[in-house]
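This is what each chain is made of:
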Amino acid sequence: AAAAAAAAPPFPPELAETTFAAAPPAGAAGLVACELHRLLPPALKELSDWTAKARIRAADTLAGTLWLVGPAATDHLGPLLAALSKTVEDSDEGVARQVRRCAQLVGRSCDLAVYVPLVLDQLRAPSGAALVGSAATAGCGGNSAGGGADFLRGGGHSRMRPAAVTVLEGAETDAGAIGRRAGWLSLLGELLAGATAEQLRPHLSALLATVARPVFCVPGRASDDDAGASFAATQLRLCSFLGQLISSAGAACASGDNGLLLYSALMRVASVPSSAQHGFASQRRAIECLSAMAAAVDGGSAEALHAVFLPPLLAQITAGEAYKSWKVDSAEWHLFQALCRQAGGATCARVLLLLLPP
């Protein structure tokens, strides 16, 4: 663990001024790593205690443990990530801050090719799905160049066996499933907080394809107030995560196929109708991310961005005359309107004459 810490990339800002910025003592690291299978279960159980005092104690213990063991945590990623996803946005700021540090320590020490597919499985899971078991790997290494994407395509990875996704009894409602995604998005952002553009590049396609799905956090129809609150919160988490990706990966996530996925995800959030209860917060954040995306591509403008990505996105949502089934509350109808408003009349007119001839 000590050697791995010395070779790892720079610490995220939240860790840089703490004890965790130094390499752990080699002897202590080895001893704790040997006992990790005994130390983790009680700490993870206490992390869900109803009292903030118990949760902060568990989070402190967990942070110190993860700092010491480094990549040895890889074999326990299943239960570890599940627990962190539930407390990364804890109501007590002290607990939430320490859980964020725990996630950043895991992200810094463990291989992206192992934990990124595990989190993406959760973000793609149906209602009621949960991460169980552990990432039974042959090691914490593996070929990070494409491993995560290969696994998501169904090819697997010769050196990792991610934890199973199991659908539990008593499946969540749609709002519950969407709300659960907010926790996993926040956790993923913390895991990747210190990742470099080079580390992110092999995983960008899988990351963006997962969050760009039409149903990821945008309701197919107008939702009620309770469901709308869950959707709005998750949309904000998504925009924060995508803004982080743009900042870290730059043009690699803002151009080509990745750029289309990113553009699609942001425009879907920007197209969600506002309400008196939820306002325009997520929509404004999505538009800000679009500007950052444009700037990442050779300092381009939002207008140029729309000119590149609006035609293929419009072609997708109008394919097979799907627009004939749109209703006033259809998500695709709202997306169509948002594309026309944001891209400008000239750009839209050129595309629509080709896609929707009179």
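Residues numbered from 1 in each chain as written. Predicted model: local features only at pLDDT ≥ 70, side-chain atom pairs only at ≥ 80, totals over all residues. Heavy atoms only, no water.

Colleague: Any chance you could explain the overall build of the protein here in plain terms?
Modeller: Of the regular secondary structure elements, the protein holds 19 helices and two strands. Looking at the protein as a whole, 48% of its 358 residues are labelled buried. A separation threshold of at least 6 residues defines the contact pool for the protein, and within that pool the share at least 24 residues apart is 77%. As displayed, the protein offers around 15600 Å² of accessible surface, 57% of which is attributable to carbon and sulfur atoms. (Helix = DSSP H or I, 4+ residues; strand = E, 2+ residues; numbered from the N terminus. Buried < 20%, exposed > 50% of the residue type's maximum accessible area, 1.4 Å probe, protein only. Contact = heavy atoms within 4.5 Å. Areas by Shrake-Rupley, 256 points an atom, 1.4 Å probe, with all protein chains shown as cover.)

Colleague: Explain the packing of aromatic side chains to me, please; I cannot follow it from the model alone.
Modeller: Each aromatic ring pair is specified by the distance between its two centres and by the angle formed by the two planes. The tally for this structure, following the rule as stated, stands at four aromatic pairs. Centroid distance Trp326 to Phe336: 5.7 Å. Interplanar angle 50 degrees. Geometry classified as tilted. Within this pair, whereas Trp326 is found in the loop between helix H17 (302–318) and helix H18 (331–343), its partner Phe336 is found in helix H18, the two being separated by 10 residues in sequence. Phe336 gets classed as buried once you look at its relative accessible area, which sits at 13%. Ring pairs connect the aromatic residues Trp326, Trp333 and Phe336, which therefore count as one cluster. (Phe/Tyr/Trp six-rings, centres within 6.5 Å; stacked < 30°, edge-to-face > 60°.)

Colleague: Any chance you could explain the packing of helix H3 (residues 26–34) against helix H4 (residues 36–46) here in plain terms?
Modeller: Two quantities define a packed helix pair, namely the angle between the axes and the distance from one axis to the other. Between H3 and H4, the least distance of the axes is 5 Å, while the angle of their chain directions is 70 degrees. Taken together, the axes of H3 and H4 are roughly perpendicular relative to one another. For the pair H3 and H4, contact is made by Val32, Ala33 and Cys34 and by Leu36, His37 and Leu39, respectively. Residues belonging to the contact of H3 with H4 are distributed by class as follows: five nonpolar, one polar and no charged. (Axes fitted to C-alpha atoms, helices over the stretch in contact; angles between N-to-C directions. Parallel < 35°, antiparallel > 145°, perpendicular 65-115°, else oblique. Nonpolar A, V, L, I, M, F, W, Y, C, P; charged D, E, K, R; others polar.)

Colleague: Looking at this structure, I do not really get the packing of helix H15 (residues 256–270) against H18. What am I missing?
Modeller: Close contact between H15 and H18 brings their axes to 9 Å; oriented N to C, the two are set at 105 degrees. When the interaxial angle is binned, H15 and H18 end up roughly perpendicular. Of the residues in H18, those in contact with Tyr263, Met267 and Arg268 of H15 are Glu332, Leu335, Ala338, Leu339 and Gln342. Looking at the contact of H15 with H18, its residues break down into five nonpolar, one polar and two charged.

Colleague: I tried to follow helix H8 (residues 112–124) on my own but got confused; where do I start?
Modeller: Spacing of three or four residues puts side chains on the same side of an α-helix, whose turn is 3.6 residues. For H8, with 13 residues, the first-to-last C-alpha span of 18 Å sits near the 18 Å given by 1.5 Å per residue. Most of H8 sits inside the fold, with 12 of its 13 residues counted as buried. Leu112, Ala113, Val114, Tyr115, Val116, Pro117, Leu118, Val119, Leu120, Asp121, Gln122 and Leu123 are the residues of H8 that are buried. The residue sitting at the N-terminus of H8 and contributing the capping side-chain oxygen is Asp111; that oxygen lies 2.9 Å from the backbone nitrogen of Ala113. (Expected span 1.5 Å × (residues − 1). Polar contact = N/O pair within 3.5 Å; in protein donor to acceptor, adjacent residues only side chain to side chain.)

Colleague: How should I be thinking about the confidence of the model for the protein in this particular structure?
Modeller: Low-confidence regions, as indicated by low pLDDT, have predicted coordinates that should not be scrutinised in detail. Here the protein averages 79 in pLDDT, while 77% of its residues score no lower than 70. Low confidence marks residues 128–173, where pLDDT is under 50. Its contacts with residues over four positions away, or in another chain, come to 105 contacts. (pLDDT = per-residue confidence, 0-100.)

Colleague: It is not clear to me how the pattern of salt bridges should be interpreted in this structure. Could you clarify?
Modeller: When their charged atoms lie close together, side chains carrying opposite charge are able to pair. Scanning the model with the defined rule gives nine salt bridges in all. Residues Arg38 and Glu35 are paired through a salt bridge, measuring 2.8 Å at the closest nitrogen-oxygen approach. Note that Glu288 is salt-bridged to Arg285, the shortest N-O span being 3.7 Å. Pair noted here: Glu288 and Arg285 are both in helix H16 (residues 281–296), with a separation of three residues, about one helical turn. Note on Glu288: relative accessible area 48%, which makes it partly exposed. (Salt bridge = Lys/Arg side-chain N within 4 Å of Asp/Glu carboxyl O.)

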